[in-house]
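# Notes for the structure review
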Amino acid sequence: MSATVTLRLDDNLKQRLDRLSKATQRTKSFLAAEAIREFVDLNEWQIGEIEEAVAEADREEFASEAEVRRVLGKWGVGGG
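Residues numbered from 1 in each chain as written. Predicted model: local features only at pLDDT ≥ 70, side-chain atom pairs only at ≥ 80, totals over all residues. Heavy atoms only, no water.

So, on to the side chain of Ser-21. Mapping Ser-21 onto the fold places it in helix α1 (residues 11-24). For Ser-21, a relative accessible area of 12% corresponds to the buried category. Apart from the residues within four sequence positions on either side, Ser-21 is in contact with Arg-26, Thr-27, Lys-28 and Leu-31. (Helix = DSSP H or I, 4+ residues; strand = E, 2+ residues; numbered from the N terminus. Buried < 20%, exposed > 50% of the residue type's maximum accessible area, 1.4 Å probe, protein only. Contact = heavy atoms within 4.5 Å.)

Spelled out as structure tokens, the structure:
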């Protein structure tokens, strides 16, 4: 099942989408849906990670000083 969504694009972006559609032999609808899908996937993942980090902080699940130093050392940043 799919739904129709209407959106406005500035002229430059519309022209770029037209060129991409022709070059890839994909419809503008397909390309727009794919771009939105990737955007939503990424943002859902980021929000989920942030929510999990906040929950860990609320539970006071923090890295120990030794763990922080080990990671800093791994990256060559003054932690040893």
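Space left empty within the atom packing is revealed by a probe, the size of a water molecule, rolled over the atoms. In this structure, the largest pocket spans a volume of roughly 570 Å³. Around the largest pocket, the lining is made up of 18 residues, and of these Lys-28, Ser-29, Ala-32, Ala-33 and Ile-36 lie nearest the centre. Secondary-structure elements contributing two or more residues to the lining of the largest pocket are α1 and α2 (28-58). No other element matches α2, which puts eight residues into the lining of the largest pocket. Within the lining of the largest pocket, the residues separate by chemical class into twelve nonpolar, three polar and three charged. (1 Å grid on protein atoms, 1.4 Å probe; cavity = no way out; pocket = protein on both sides within 12 Å on 5 of 7 lines; lining within 4 Å. Points joined across faces, edges and corners; volume = space filled by probe spheres on them. Nonpolar A, V, L, I, M, F, W, Y, C, P; charged D, E, K, R; others polar.)

Our next topic: the confidence of the model for the protein. Of all residues in the protein, 98% attain a pLDDT of 70 or more, and the chain-wide mean is 94. Helix α3 (residues 65-74) is the least confidently modelled element of the protein, averaging 93 in pLDDT, while α1 averages 98, the highest of any element. (pLDDT = per-residue confidence, 0-100.)

The next subject is the pattern of salt bridges. Under the criterion given, the structure shown has six salt bridges. Between Asp-18 and Lys-28 there is a salt bridge whose closest N-O contact spans 3.2 Å. Here Asp-18 is found in helix α1, whereas its partner Lys-28 is found in helix α2, with ten residues between them in sequence. Note that Glu-65 is salt-bridged to Arg-69, the shortest N-O span being 3.0 Å. (Salt bridge = Lys/Arg side-chain N within 4 Å of Asp/Glu carboxyl O.)

Another aspect to go through is the packing of aromatic side chains. The tally for this structure, following the rule as stated, stands at zero aromatic pairs. Between the NZ or CZ atom of Arg-26 and the centre of the ring of Phe-30, over which it lies, the distance is 4.5 Å. (Phe/Tyr/Trp six-rings, centres within 6.5 Å; stacked < 30°, edge-to-face > 60°. Lys NZ or Arg CZ within 6 Å of the ring centre and 35° of its normal.)

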